[in-house]
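Here is what each chain is made of, one letter per residue.
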Amino acid sequence: MPDMSKPFSLLGHPWRWYWLALAVIVLDIVTKVWAVERFMYGPELQIIPGVLQFTYAENYGAAFSFLADAGGWQRWFFGAVALGFSVMVIVWLWRLPAGKRWEPIALALILGGAIGNLWDRIMLGYVRDFISVYYGSWHFPVFNVADMAISVGAAMLVIELLFFAEPKDAEKSAEV
């Protein structure tokens, strides 16, 4: 929990993690605007031929277009889920000890990605995707910067849990 006895600082804990989340949101929105302008009506751009290209896609569902053809209610459902989750992450970041680094970075990436996609969902009714990874006839679902931030943040949390979790939590439960 932040120390309220010290002077307020927009760069101090936990604000620095919110700034990281904001950077992810801005990067996500800027790259989506660029992708719309460049690829919505134009050809794809091969980055690594046969593996990676920039294109344009609209995702009306969740991950991997889950429920994309559900009739429109999913826009508000996924928006509400993202909003609730974002509030939870904001509180989680606020309560973390100032000395933590790995966990708040992971949470800030997840928060920025969630809000970046939430922005699209609320403003447009769908999420703009533009990064396509494929090999031969196999295609991974098209994704965006927000999706990458969420994935990297989630992987960091799993790594934290598996390899860096504090053992005193297990000791406390054994004592009870």
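What this report covers is the structure whose coordinates are included nearby. Source: prediction; values computed, not measured. Each chain has its residues counted from 1, following the order in which its sequence is written. pLDDT decides what is reported in this predicted model: residues at 70 or higher carry local features, side-chain atom pairs at 80 or more are listed and counted, and totals for whole chains, interfaces and linings draw on all residues regardless. With hydrogens and water set aside, each side-chain value is computed from the structure's full complement of heavy atoms.

Brief notes about the nonpolar core
Line of reasoning, step 1. The biggest cluster of nonpolar side chains holds 10 residues, and these are Ala35, Phe39, Leu52, Phe54, Tyr56, Tyr126, Phe130, Ile131, Phe143 and Val145.
Line of reasoning, step 2. Strands here mean DSSP runs of E at least two residues long; helices mean DSSP runs of H or I at least four residues long; both are numbered from the N terminus. Elements with a contribution of two residues or more to this core: α1 (15-39), β2 (52-59) and β3 (127-135).
Line of reasoning, step 3. Per element, the largest residue contribution to this core is 3 residues, and it comes from β2.
Line of reasoning, step 4. Contact definition: two residues touch when any of their heavy atoms are within 4.5 Å. For Tyr126, the residues in contact, after removing those within four places along its chain, are Tyr56, Glu58, Asn59, Tyr60, Asp120 and Arg121. For the purposes of this section, nonpolar cores are sets of buried Ala, Val, Leu, Ile, Met, Phe, Trp, Tyr and Cys residues that join through side-chain atoms within 4.5 Å. A simple rule labels every residue: compare its accessible area, found with a 1.4 Å probe on the protein chains alone, to the largest value its type can have, and call it buried under 20%, exposed over 50%, or partly exposed in between.

Quick notes on the pairing of β2
Line of reasoning, step 1. Across the 8 residues of β2, 6 count as buried, placing the element largely inside the fold.
Line of reasoning, step 2. Two strands pair when backbone bridges link them, and strand β1 (residues 45-48) and β2 are joined in this way by 3 bridges, in the antiparallel orientation. Note on β2: the bridge partner recorded for Gln46 is Gln53.
Line of reasoning, step 3. DSSP calls a pair of strands paired once it identifies at least 2 bridges connecting them. Counted between consecutive antiparallel strands, the loop separating β1 from β2 contains 3 residues, among which Gly50 sits at a positive phi close to 80 degrees.
Line of reasoning, step 4. Strand direction decides the pairing type here: β2 and β3, joined by 6 bridges, are antiparallel. Bridge pairing links Asn59 to Val127 in β3.

A few points about the packing of aromatic side chains
Line of reasoning, step 1. Two rings belonging to Phe, Tyr or Trp (six-membered ring only in the last case) form a pair when the distance between their centres is within 6.5 Å. Interplanar angles under 30 degrees mark stacking, angles over 60 mark edge-to-face geometry, and anything in between is tilted. Evaluation of the coordinates by the stated rule reveals 10 aromatic pairs.
Line of reasoning, step 2. Between Phe54 and Phe130, the aromatic rings sit 5.7 Å apart at their centres with planes inclined by 70 degrees, giving edge-to-face as the arrangement. You can see Phe54 sitting in strand β2 and its partner Phe130 sitting in strand β3, a full 76 residues away along the chain.
Line of reasoning, step 3. Residue classification places Phe130 among the buried positions, given a relative accessible area of 4%.
Line of reasoning, step 4. An aromatic cluster of at least three residues, connected via ring pairs, comprises Trp34, Phe39, Phe54 and Phe130.

Things to note about the packing of helix α3 (residues 102-124) against helix α4 (residues 145-164)
Line of reasoning, step 1. Axis angles are defined between N-to-C directions and span 0 to 180 degrees, where every axis is a line fitted to C-alpha atoms and, for a helix, only to the segment in contact. Contact geometry of α3 with α4 gives a least axis separation of 7 Å together with a crossing angle of 150 degrees. Here α3 lies roughly antiparallel to α4, going by the angle between them. Here α3 runs over α4; the crossing is left-handed. Facing Trp102, Glu103, Ile105, Ala106, Leu107, Leu109, Ile110, Gly113, Ala114 and Asn117 of α3, the residues of α4 in contact are Ala146, Asp147, Ala149, Ile150, Val152, Gly153, Ala154, Met156, Leu157, Ile159 and Glu160.
Line of reasoning, step 2. Only Asp, Glu, Lys and Arg are considered charged in this grouping, and only Ala, Val, Leu, Ile, Met, Phe, Trp, Tyr, Cys and Pro are considered nonpolar; every other residue, Gly among them, is considered polar. By residue class, the composition of the contact of α3 with α4 is 15 nonpolar, 3 polar and 3 charged. To sort the angles, those under 35 degrees are grouped as roughly parallel, those over 145 as roughly antiparallel, those from 65 to 115 as roughly perpendicular, and the leftovers as oblique. Here a crossing is called left-handed whenever its near helix is offset anticlockwise from the far helix by less than a right angle, and right-handed whenever the offset is clockwise.

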